[in-house]
Each structure stands twice: as C-alpha cells, then as structure tokens.
Amino acid sequence: MSDKNKGLSKAREIYSTRSQRVRELKAAGKKIIGYPCVYVPLEMLTALGLVPYRTYGDIKEPISEVDRALPSSFCPIMRSCLDCAMKGKDDFLDGMVTIHSCDPQEKTAHVWESYINYPYFHYIDMPITVRPEALEYFKSQLNDFRKTLEAFAGEKLSTDKLQAAIKSHNRQRALVKELYELTKPPPPLISGTEIVQVVKALMSLPVTEGNDLLTEIIDEVKNRTDKPEKKSARLFIWTGTLDDTDVMKVFEGKANVVMDESCGGIRSYRGEVKITADPLEALAKYYLYEITCARSFRQATIGETRKDYDRDLQSRFGYLKGIIKEWEINGAIILLVRYCDPFAFEIPDLRDYLNSLGIPSTYIEYDYTTGALAPMRTRVEAFLETIS
Amino acid sequence: MYFAGVDIGSTMTKVMLIDKSDNLLSAIKGPTGPEHRQLANEVMRQALEQASLQIDDISYIVATGYGRLNVPFADRQITELSCHARGVSSLFPNARTAIDIGGQDTKCLKIDNGKLINFVMNDKCAAGTGRFLELTAAALGIELQDMGDISLKADKKIQISNLCTIFAQQEVVALLSHGEKLENILAGLHAALASRVAALARRLGIEPDLVLTGGVAKNTGMVKAMKESLDCELFVPEEPLLTGALGAAILAKETYMKAVAEGEALPTKSRRLEKATFFS
C-alpha cells in the first residue's frame, strides 16, 4: 500500500517525523505533555484532554549538551533524552511527567526540571517492589499527580472521564495485542522493524487517533501480499527499550523477530486496566502489577525466610513460557543498554529460566549509539549460526 | 575444484585457497586499511597468482571478518566466530575452546564437532584486544613484534592497575619516569591483558584442548602470560592469523559439497575481480 496517509505507510511517516501531529494539535489549542517512560498513567492525561507524547533519546544524535548536566557513566538513554531536550528537540511540550521507573530516571527528573522550563512538571515517586504496601503508596502518589494535573488543566478529573479514558487506552492495548497475533504465522505478517515504527507512532498520537491507525494497520497487514520473508530463526528480544529500526534491522537481517519485551514494543500493552468503581486504584494496580519491566521486582517469596529459586523465576518470568510456545520462538536476544542496572541484574536469572525452557539466548550490551551496530551484527549472526 | 576463504579483519586482510582435499594452495596477508572492498580484490588477486589459478577456477567463496559484507565476489558471508571455530578444529581436532585476540575484538569460542556452539566477546572497547598492545608499543617507542621477546627478559612483573588503553599508557609513562625497567613493565602489561582475556574466557567456561589464535598469539610474551593466567596447556597454530580464512575456505568447500551431494543449485556471485564501488 503506497498511500502515505494510511496504515503502515502512515506509521512509518510518523516514526520519522514524529511531532507533526502534536504540533498541529497544539496550534489548535491542545496541551501536549511529554513522558519518558511507559509507567506514566497516560489515562489521567487523556481524561483531561491533554495529549501524551513519549519523549525518546536518539541513537543517531551525537551527545553534546548533556555533559553539563549528567555524568558520562550514566544511563545512555536518559543522557540522550535530556540531551535532545536541552537542544530544544521537543520545544512544543507544555509539560513533562516523569516517574521513578529506575534510579537514573528519578535523578534525571530533577535535573531535567532545573534545565528545561515547562509550564507544567510532575514527578511520580513510584515504588520499585510489587507488594501491597507499595500499592498503597503508589495510589497516594497518583492522587498527588491528579491534584497537580487538575490545577494545570483547570478542570476536575471525574470518575466518568477517567473510566472513558481507561476504555480508550484498553482498546489500544487490545489492538496492539491483535497486531502481535499477526506475527504468529511463519513468516510473520508484520516485521519487528514495522512494529517499532507502529509503536513509536502510537506514542506520538492522541489515543483515539492511535486506535484508528491501528485498526487500519491490522486490516492492511491481514490482507498484505508483501509480507516479510521467512528466515531461519524466530527471535524474542528482551530489552529495556528498542526504539530505533536500525537496531531492529540488525536482528532481522537473518531472522524474524516475532515477540519482544521492550517498551518500544508490546510491554505497555500486554495487560489491561480493570474497570472498577475506583479507577485510580485500578490504574495503580495495572502499572505496578501488570507491566513486566525489569524495574519492578516481583519476588515470589515476600515474607518468607527461605528463597525458592524456581518459584522465584516462575514469578518473575513465568509469563514468557506460554508466549515462547505460542509464537514458536527458538532463540532469545538479551539486549542490554550499558549501565542499565535493573535489566543487568535480571539477566543471569532470565537466562536460567530460558535454559529451563530449552531456549538458547545470547547477551549483547550496547551503548545506545550507531557505532555499536557493526559489532552487534557480528554477535547476532554468530548466535544465529550456533542455533541453526 | 578450488575454494577460497577471505577474512577481512579490522587490522589485517587474509585469503586462503584450498582444494577439495583441504590442501593449502595459497595464503596471503595484507593490512586492511580504510578501503575494504578494493583490498579484498587485491589480496585475492595475489592469492590466485600464488596458486596459479584464475578467479573462475574457484567453485565457492566465503567471506568473513568485520568487512565480510564488503567482498563483492563472495558467495556467502559467515561470521568470523564460526570460521575461527572451523579453522581451529581442522588444525586441532581435539580443540573444545578457542581464544582469538584480534585487532578490535577478543572472542572466546566453544567448539563441538567443528561447529561453534557458544561464544563471548569483549565489550566495545580496546581494552583486552590487540589494539591495547599496539598503542602501548607506540607509546613506548618499540616495535609491536619485539614486545613479547623483550617481556620475557623481565626479572619482576610490574602491576598495571588500569586496563583502559588510554589510562594504561599514562601508567606506563609514569612507570618509566620512576625508572622501572622496560621489560618489567612489558611483562606487567602482558599479564594485565592476559588476566582480562582469561576473565572473559572463564565466563564461557574453558574446556581442553584450548587454542590461542589471532595476531596476538604471535607474541611470545602473551602466550606465556595466557598460560600463567589460565593455568593450562595452550596450543598455538603455526599461522595464528590465518585460522579465520582457513575456516572460511573449509566452510566454502563444505557448503559447496553439501549442495552437490543434495543436487541443489548453489547461487554464486559474479567472478569478475573488478574494483567494487559503494554504488554497486
């Protein structure tokens, strides 16, 4: 399909130009709120008519400004995100919501606020372990967030509006899951590279527009004749974020990527927010319990004196078992962004779990620059040679 | 029937030609330089000349190494990890682990039945690679190839605390200004590099026989330091630079023979040895 204004072509276009639509919306009077991490409850923004816009780093943009603000031995993604912000890349933003998804995000939040002047800025202190006391604290944090948002929007966040927004975002989650169903056949009907484009496009649009785009894409992909070529392996990518198609193309050179655990992929769409009488609590539960990012530590044995390793692995990675079977995955790539401690600490245990399922895996570290791509290609191809 | 392996590494380009009985017909080495494609062409021409063959005589060509995509006349690309594993096991049939220390990569390979089954590589950094020795040799004003022999004369080993290539150079200069003897500093440098490579290899798990390849395996001081660090027997091929190209040539032969045996048509590239451009 060559119509630039529809389906996959439109997603590809938004992937490269990104902010065009939100700039139009801003000119029409809408307020655009940035967020650097999928743990920010976007439903609360949508409910108040604010447009959420995911801010990213850029592996192709040489770091030049951020050394004034952050140390060099620090998360390269956060460094790149703030570097882009300091260069005025997203200067149309009316506000920014950050969250304690990991320590670099938390530290960067305060630095970010002091370097970039947004009309609105809010930081959510999200707990890191999954347990009942954490949920209570997180709910109180979301309540604080509600108050500052209401003050900024000049409007109360009613239960009805919030429920409606939750339904729209749940619709988006359902559509993304439907899209991932289309990677099941061999060869998949949609490539990992195209999915990176689609997800980035979704994170650049208001939720209803994203849903319309997804509906078009699903229809197009189901009926396409130009589907990806069948390659020798079906890969699962486990990473913090994979937000650039050049990285995905390294994996897809000689394999099909059919599933991921990445916030540039399915991570924030896998679960669903429950519709209950207390939507704020439902949001707190969803974001704390349901999103499977390594930043949330879900130990099985809280309150017990002895650690049961197998049960612990099951609690942390058990959801992958069905996925690996259903998507017929035969290899996993563990892609670590340098200095990413939350993900690094999970790797030995994740590999133990994958081994127990008989899934070969390889571990690749990169520094979030394009210079890392050539060595990455050698490692990926060598891994594919070992499993072929 | 003749087969070629072309290994374009970050520092050196290597070509090997073999016949169907694995007899070696020619082996050529040359510096890679910035123009991979044109050099592949030239080194291949020399290899053909040495073997008195024409390019059309070659049945199948495998390219490997960092520049493997820049060999316009290669029929297939295979990573240097699989090629080294294949080359090493053809020379040492009992090899289970190989360590290849090249110009920009250090690779530890687990081998089973001639095939790569697992690997680890160094991080994207010069520490722990041949470049570390190259740059420190330059800083000390000595020739790279003399480094190992000089280090063997050491009467003590100086501790080098930092393995960052830049910081290690600073440390070496400081040690010289303190009057430390060159050979003792070199022994320390080799031990430091060996301990880093050994740590990498232990992540993979070392099973005998263990083979050391790559340009750094030509360095006598480094072979000694590696033996000390790993505390085990270490085999070094006569031509440690050429195992990748050898493996590529053998894999070219095996790919071709398998296709012939199965009656499959094997697509090959144009055999013209013309200069490639980036637009082709």
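Residues numbered from 1 in each chain as written. Chains lettered and ligands numbered in written order. Predicted model: local features only at pLDDT ≥ 70, side-chain atom pairs only at ≥ 80, totals over all residues.

Visitor: So what exactly am I meant to see when it comes to the overall build of chain A here?
Guide: Of regular secondary structure, chain A possesses 15 helices and 8 strands. By the compact-globule yardstick of 21 Å for 388 residues, chain A fits well, its C-alpha radius of gyration being 20 Å. Here chain A holds 388 residues, and 46% of them are scored as buried. The long-range fraction of contacts in chain A, counting pairs at least 24 apart against all pairs at least 6 apart in sequence, stands at 70%. (Helix = DSSP H or I, 4+ residues; strand = E, 2+ residues; numbered from the N terminus. Rg over C-alpha atoms; globule rule 2.2 N^0.38 Å. Buried ≥ 20, exposed ≤ 12 C-beta atoms within 10 Å, placed from the backbone. Contact = placed C-beta atoms within 7 Å.)

Visitor: What exactly am I supposed to notice about the overall build of chain B here?
Guide: The helix and strand inventory of chain B stands at 8 helices and 9 strands. Taking 280 residues into account, the globule formula puts the C-alpha radius of gyration at 19 Å, and chain B, at 20 Å, falls close to it. Of all 280 residues assigned to chain B, the portion counted as buried reaches 46%. Within chain B, residue pairs in contact and separated by at least 24 positions form 71% of the contacts whose partners lie at least 6 positions apart.

Visitor: Teacher, can you tell me more about the interface of chain B and chain A here?
Guide: The parts lose accessible area when they come together, and the size of an interface is often stated as this lost area. Opposite the 12 residues of chain B that make contact, chain A presents 11 residues. Secondary-structure elements contributing two or more residues to the side of chain B that touches chain A are helix H2 (80-91) and strand E8 (115-121) of chain B. Looking at the side of chain B that touches chain A element by element, the count peaks at 5 residues for E8 of chain B.

Visitor: Explain helix H11 (residues 279-290) of chain A to me, please; I cannot follow it from the model alone.
Guide: For an α-helix the count is 3.6 residues per turn, leaving residues at separations of three or four pointing the same way. Residue and element names in this part refer to chain A. Between its terminal C-alpha atoms H11 stretches 15 Å, which fits the 16 Å expected from 12 residues at 1.5 Å a residue. When H11 is considered as a whole, its buried residues turn out to be Pro279, Leu280, Leu283, Ala284, Tyr286, Tyr287 and Leu288. Buried residues along H11 sit in contact with helix H3 (42-47), helix H6 (132-153) and helix H7 (159-181). (Expected span 1.5 Å × (residues − 1).)

Visitor: Can you help me understand the nonpolar core in this one?
Guide: The tendency in soluble globular proteins is for nonpolar side chains to be buried side by side. Ranked by internal contacts, the top residues of the largest apolar core, which has 151 residues, are Ile33, Leu179, Ile217, Leu235, Ile237 and Phe251 of chain A. The dominant element in this core, judged by the number of residues it contributes, is helix H6 (residues 182-204) of chain B, at 10 residues. With 39 residues, the next largest nonpolar core counts Val15, Tyr66, Ala248 and Tyr256 of chain B among its residues. (Core = buried A, V, L, I, M, F, W, Y, C linked by C-beta atoms within 7 Å.)

Visitor: How should the sheet that holds strand E4 (residues 58-64) of chain B be read in this particular structure?
Guide: Within a sheet, each strand pairs with its neighbour through backbone hydrogen bonds, oriented either parallel or antiparallel. All names here are of chain B. An order of E3-E2-E1-E4-E5 is seen for the 5 strands of this open sheet, with the pairing classed as mixed. At either margin of the open sheet sits one strand with a lone partner, and together these are strand E3 (24-31) and strand E5 (76-77). Pairing geometry for E4 and E5, over 2 bridges, is parallel. In the strand pairing of E5, Ala63 is matched with Gln77. On the sheet, helix H8 (residues 243-261) packs against strand E1 (2-8), strand E2 (12-19), E4 and E5 and is oriented at approximately 140 degrees with respect to E1. (Pairing = 2+ DSSP bridges. Axes fitted to C-alpha atoms, helices over the stretch in contact; angles between N-to-C directions.)

Visitor: Quick question: what am I supposed to make of helix H9 (residues 207-222) of chain A here?
Guide: All names here are of chain A. For H9, with 16 residues, the first-to-last C-alpha span of 22 Å sits near the 22 Å given by 1.5 Å per residue. For H9, the complete set of buried residues consists of Val207, Gly210, Leu213, Leu214, Ile217, Ile218 and Val221. Across the axial projection of H9, the buried residues extend over an arc of 140 degrees, all falling on one side. H9 presents Thr208 and Asp219 as exposed residues on the side facing more than 90 degrees away from its buried surface. (Arc of directions from axis to C-beta.)

Visitor: Just to check I follow, could you spell out the environment of Ser161 of chain B for this structure?
Guide: Residue and element names in this part refer to chain B. Summarising the element assignment, Ser161 is placed in the loop between helix H4 (147-151) and helix H5 (165-177). Since 10 C-beta atoms lie within 10 Å of it, Ser161 is described here as exposed. As for Ser161 and Met1, which are separated by 160 residues in sequence, their C-alpha atoms are 53 Å apart.

Visitor: What exactly am I supposed to notice about the pairing of strand E7 (residues 106-112) of chain B here?
Guide: On a regular strand, each side chain points to the face opposite its neighbour's, so the side chains alternate between the two faces of the sheet. All names here are of chain B. The buried count for E7 comes to 6 of 7 residues, which makes it a mostly enclosed element. Inspection of the sheet shows strand E6 (residues 97-101) paired to E7 by 5 bridges, in the antiparallel sense. Within the sheet, the bridge partner assigned to Asp100 lies in E7 and is Lys107. As paired elements, E7 and E8 share 6 bridges and run antiparallel to each other. What sits directly across from Lys110, in E8, is Asn118. Taking the residues that link successive antiparallel strands as the turn, the E7-E8 hairpin has 2 residues, and the phi of Asn113 there is positive, at about 60 degrees.

Visitor: Sorry if this is basic, but what is going on with the packing of helix H8 (residues 192-202) of chain A against helix H10 (residues 245-252) of chain A here?
Guide: A packed helix pair is summarised by two numbers, namely the angle formed by the two axes and the spacing between the axes. Residue and element names in this part refer to chain A. Running from N to C, H8 and H10 cross one another at 160 degrees; their axes reach a closest spacing of 8 Å. The angle between H8 and H10 places the two elements in the roughly antiparallel class. Viewed along their axes, H8 and H10 form a crossing whose handedness is right-handed. Judged by residue contacts, Gly192, Thr193, Val196 and Gln197 of H8 engage Thr245, Met248, Lys249, Phe251 and Glu252 from H10. In terms of residue class, the contact of H8 with H10 is built from 3 nonpolar, 4 polar and 2 charged. (Parallel < 35°, antiparallel > 145°, perpendicular 65-115°, else oblique. Left-handed = near helix turned anticlockwise from the far one by under 90°. Nonpolar A, V, L, I, M, F, W, Y, C, P; charged D, E, K, R; others polar.)

Visitor: What's the story with unusual backbone geometry in this structure? I'm lost.
Guide: Note on backbone geometry: most residues besides glycine have negative phi, and most peptide bonds are trans. Cis peptide bonds are those with omega within 30 degrees of zero, and the linkage from Pro186 of chain A to Pro187 of chain A qualifies with -5 degrees. Mapped onto the elements, Pro187 of chain A comes out in the loop between H7 and H8. Residue Asp209 of chain B is reached from Pro208 of chain B by a cis peptide bond, and omega for that bond is -5 degrees. With a phi close to 55 degrees, Ser52 of chain B is a non-glycine residue in the positive phi region.

Visitor: Would you mind going over the domain arrangement of chain B with me for this structure?
Guide: Residue and element names in this part refer to chain B. Assigned domains within chain B: domain 1 (2-84 + 242-261) and domain 2 (93-230). For domain 1 and domain 2, the distance between their C-alpha centroids amounts to 27 Å. Facing the 8 residues of domain 1 at the interface are 12 residues of domain 2. The leading source of residues in the side of domain 1 that touches domain 2 is H2, at 3 residues. (Domains from an automatic or database assignment.)

Visitor: For this particular structure, what's the right way to read the pairing of E2 of chain B?
Guide: All names here are of chain B. For E2, a buried count of 7 out of 8 residues is recorded, marking the element as mostly surrounded by other parts of the structure. For E1 and E2, the ladder comprises 7 bridges, and the chain directions are antiparallel. Looking at the pairing, Ala4 lines up with Leu17 of E2. Where E1 folds back onto E2 in an antiparallel hairpin, the turn is made up of 3 residues. As judged from the 7 bridges shared by E2 and E3, these two strands associate in the antiparallel manner. In the strand pairing of E3, Val15 is matched with Ile28. In sequence, E2 turns back onto E3 through a hairpin of 4 residues, with Asp22 there showing a positive phi of about 65 degrees.

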